[in-house]
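Now for the letters of each chain:
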Amino acid sequence: TIFGSPGQSCTLTCKVYKGNDDITSKLPSNTTFTWLRNGVFYTSTLDSKLTIRNNDVRKNAIFSCSITFDESKIK
């Protein structure tokens, strides 16, 4: 995504797979999504989606997400 104007935004979505199956909607409600920007902590959320704006990116950025959840509580 390229931000060309001030005020633009983009929503990033973290999907969790077990094998070929998308299990994102089956994760426990207290699952933590930890977002990194260029390998450095950015924010944590209980939502698999993160909206970023053009001021969150300086020239370029790489966002990644790691999750923490109790696998025994998957629905």
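Just so it is clear, the model here is predicted, and its values are computed rather than measured. (Residues numbered from 1 in each chain as written. Predicted model: local features only at pLDDT ≥ 70, side-chain atom pairs only at ≥ 80, totals over all residues. Heavy atoms only, no water.)

### Some details on the pairing of strand β5 (residues 40–45)
Of the strand pairs in this sheet, strand β4 (residues 32–37) and β5 are connected by five bridges, and their pairing is antiparallel. In the strand pairing of β5, phenylalanine 33 is matched with threonine 45. (Pairing = 2+ DSSP bridges. Helix = DSSP H or I, 4+ residues; strand = E, 2+ residues; numbered from the N terminus.)

### Observations concerning the environment of arginine 58
Mapping arginine 58 onto the fold places it in the loop between β6 (49–53) and β7 (63–68). Overall, the relative accessible area of 63% leaves arginine 58 in the exposed class. Spatially, the C-alpha atom of arginine 58 lies 11 Å from that of isoleucine 2, the residues being 56 residues apart in sequence. (Buried < 20%, exposed > 50% of the residue type's maximum accessible area, 1.4 Å probe, protein only.)

### Some remarks on the nonpolar core
Ranked by size, the top nonpolar core spans 11 residues in total: Cys10, Cys14, Val16, Ile23, Leu27, Phe33, Trp35, Leu50, Ile52, Val57 and Phe63. Leaving out residues up to four positions away in the same chain, phenylalanine 63 has contacts with Leu12, Leu36, Arg37, Tyr42, Ile52, Asp56 and Val57. (Core = buried A, V, L, I, M, F, W, Y, C linked by side-chain atoms within 4.5 Å. Contact = heavy atoms within 4.5 Å.)

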